[in-house]
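# Results of the structural survey
Listed below, chain by chain, are the residues.
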Amino acid sequence: DTGVSQNPRHKITKRGQNVTFRCDPISEHNRLYWYRQTLGQGPEFLTYFQNEAQLEKSRLLSDRFSAERPKGSFSTLEIQRTEQGDSAMYLCASSSTQKLETQYFGPGTRLLVL
Amino acid sequence: AQSVTQPDIHITVSEGASLELRCNYSYGATPYLFWYVQSPGQGLQLLLKYFSGDTLVQGIKGFEAEFKRSQSSFNLRKPSVHWSDAAEYFCAVPTFGNEKLTFGTGTRLTIIP
């Protein structure tokens, strides 16, 4: 069990550029979650997958955001036409499908949009 | 919808002193509750969780939390803090069905020598 990994750990981009983040969950976990955390706040839910199916998206996830989990393993989160308000820490977590199983979090990707 | 409130934004305690971090929940039925810790530059680590049964829950790193229905609280405690406990602490409640977590705003803990 190597834990949840996220890449890159840091990303600086200019407004209007597209960025993509990757999350590799714990191998036997079939649920994968994305959260966003801004300074001084707790993480906020963005979306989650069970296997390759995206089952829920938050209203926080505008049309510029898209997430995929093509083979039910790793996931990507893409932000198109980034805005300064997108600057945040993007956290990925995974869990098994047992009811209320613990979510294990990755170290996050910190995005700064200039 | 279920939610949690952490009334203390920042707490400072001396090393070796006891600690209590507050968490209040808003939920009709008996909630399931979690405490996570986030060290600088790190992801969130689960300290403990309450599902049902014994209202005093033991966690990792010497932490414990007590569920009090009458006060709608799930406060985190530690009898003697260590400098390494300096971090941000989050209380969270899951949504039944998809288990997405709703977090409080967090309490930042500073330890002074």
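Up top you'll find the structure we're talking about.
Everything in this summary refers to the structure shown in the same document.

Procedures and definitions
Residues numbered from 1 in each chain as written. Chains lettered and ligands numbered in written order. Predicted model: local features only at pLDDT ≥ 70, side-chain atom pairs only at ≥ 80, totals over all residues. Heavy atoms only, no water. Helix = DSSP H or I, 4+ residues; strand = E, 2+ residues; numbered from the N terminus. Rg over C-alpha atoms; globule rule 2.2 N^0.38 Å. Contact = heavy atoms within 4.5 Å. Areas by Shrake-Rupley, 256 points an atom, 1.4 Å probe, with all protein chains shown as cover. Disulfide = S-S within 2.5 Å. Buried < 20%, exposed > 50% of the residue type's maximum accessible area, 1.4 Å probe, protein only. Buried area = accessible area lost by both parts, 1.4 Å probe. Salt bridge = Lys/Arg side-chain N within 4 Å of Asp/Glu carboxyl O. Nonpolar A, V, L, I, M, F, W, Y, C, P; charged D, E, K, R; others polar. Core = buried A, V, L, I, M, F, W, Y, C linked by side-chain atoms within 4.5 Å. Phe/Tyr/Trp six-rings, centres within 6.5 Å; stacked < 30°, edge-to-face > 60°. Lys NZ or Arg CZ within 6 Å of the ring centre and 35° of its normal. Pairing = 2+ DSSP bridges. Axes fitted to C-alpha atoms, helices over the stretch in contact; angles between N-to-C directions. Patch = residues over 30% accessible without salt bridge, like charges linked within 9 Å, V, L, I, M, F, W, Y side chains within 5 Å.

It is worth spelling out the overall build of chain A at this point. Per the secondary structure count, chain A includes zero helices and 11 strands. For a compact globule of 114 residues, the expected C-alpha radius of gyration is about 13 Å, and chain A comes in at 13 Å, within 12% of that figure. When the backbone C-alpha atoms are referred to their principal axes, chain A occupies close to 40 × 25 × 25 Å. Restricting the contact set of chain A to residue pairs at least 6 apart, pairs at least 24 apart contribute 53%. Carbon together with sulfur atoms contributes 44% to the accessible area of chain A, which is approximately 5800 Å² in total.

Let us now look at the state of the cysteines. Residue and element names in this part refer to chain A. Enumeration over the complete set of coordinates arrives at two disulfides over all chains. Between the sulfur atoms of C23 and its disulfide mate C92 the distance is 1.8 Å. Measuring handedness by torsion sign, the sulfur bridge of C23 and C92 sits at about -65° and is left-handed. Residue C23 is found in strand 3 (residues 19–24), and its partner C92 is found in strand 9 (residues 88–95); the two are separated by 69 residues along the sequence. Comparing C23 with C92 shows no difference in burial state: the two are buried.

With that out of the way, let us pick up the interface of chain B and chain A. In this complex, chain B contributes 22 residues to the contact, which on the side of chain A involves 20 residues. Overall, the association of chain B and chain A removes approximately 1800 Å² of surface from exposure, summing both partners, and the carbon and sulfur fraction of that is 53%. Of the charged contacts in the structure, one is a salt bridge between E56 of chain A and K100 of chain B, with a shortest N-O distance of 2.7 Å. Elements that contribute at least two residues to the side of chain B that touches chain A include exactly strand 5 (33–38), strand 6 (44–50), strand 10 (87–94) and strand 11 (101–103) of chain B. Residues of the side of chain B that touches chain A, tallied by class, amount to 11 nonpolar, eight polar and three charged.

This next bit is on the nonpolar core. Ranked by size, the top nonpolar core spans 26 residues in total, and within it L19, W35, L47, L48, F74, L76 and Y89 of chain B carry the most contacts. Per element, the largest residue contribution to this core is four residues, and it comes from strand 10 of chain B. Excluding its chain neighbours within four sequence positions, the residues that come into contact with L19 of chain B are I11, V13, F63, L76, R77, K78, V81 and L109 of chain B. Counting residues in hydrophobic clusters, the runner-up holds 19 residues, among them V4, C23, A88 and Y90 of chain A.

To continue, consider the environment of I79 of chain A. Residue and element names in this part refer to chain A. Assignment of secondary structure puts I79 in strand 8 (residues 75–79). Classification of I79 by relative accessible area gives buried; the value is 0%. For the pair I79 and Q41, spaced 38 residues apart in sequence, the C-alpha separation works out to 21 Å. Beyond its immediate stretch of four places on either side in the chain, I79 contacts Q17, N18, V19, F21, R64, F65, D86, Y90 and L111.

This brings us to the packing of aromatic side chains. By the definition in use, this model includes 18 aromatic pairs over all chains. Taking the centre distance of 5.3 Å and the plane angle of 15° together, the rings of Y33 of chain A and Y48 of chain A count as stacked. Taken together, the positions of Y33 of chain A in strand 4 (residues 31–37) and Y48 of chain A in strand 5 (residues 44–50) put the pair 15 residues apart, joining distant regions of the chain. A single burial state applies to Y33 of chain A and to Y48 of chain A, both of which are buried. Measuring from ring centre to ring centre gives 4.5 Å for Y50 of chain B and F67 of chain B, while their planes differ by 15°; the resulting arrangement is stacked. Taken together, the residues span a long stretch of sequence, with Y50 of chain B in strand 6 and F67 of chain B in strand 8 (residues 64–68) at a distance of 17 residues. You'll find Y50 of chain B and F67 of chain B in the same group, each marked buried. The rings of Y33, Y35, F45, Y48 and F105 of chain A together with Y32, F34, Y36, F51, F90 and F103 of chain B are connected pair by pair, giving a single aromatic cluster. The cationic tip of R22 of chain A hangs over the ring face of F74 of chain A; the distance from NZ or CZ to the ring centre is 3.9 Å.

All names here are of chain A. A sheet is described by the order of its strands in space; here four strands give the open sequence 1-3-8-7, paired in antiparallel fashion. The open sheet terminates on both sides in strands that have one partner only, identified here as strand 1 (5–7) and strand 7 (65–68). Adjacent strand axes in the sheet meet at a mean angle of 15°, parallel and antiparallel pairs treated alike. Alignment of strand 1 against strand 3, held across three bridges, turns out to be antiparallel. Bridge assignment links Q6 to a residue of strand 3, and that residue is C23.

It is worth spelling out a nonpolar patch on the surface at this point. All names here are of chain A. Nonpolar side chains collect at one region of the surface, where I12, L112 and L114 lie side by side and expose about 300 Å² of accessible area between them. Tracing the backbone shows L114 in the segment after strand 11 (109–113). When its relative accessible area of 53% is taken as the criterion, L114 is described as exposed.

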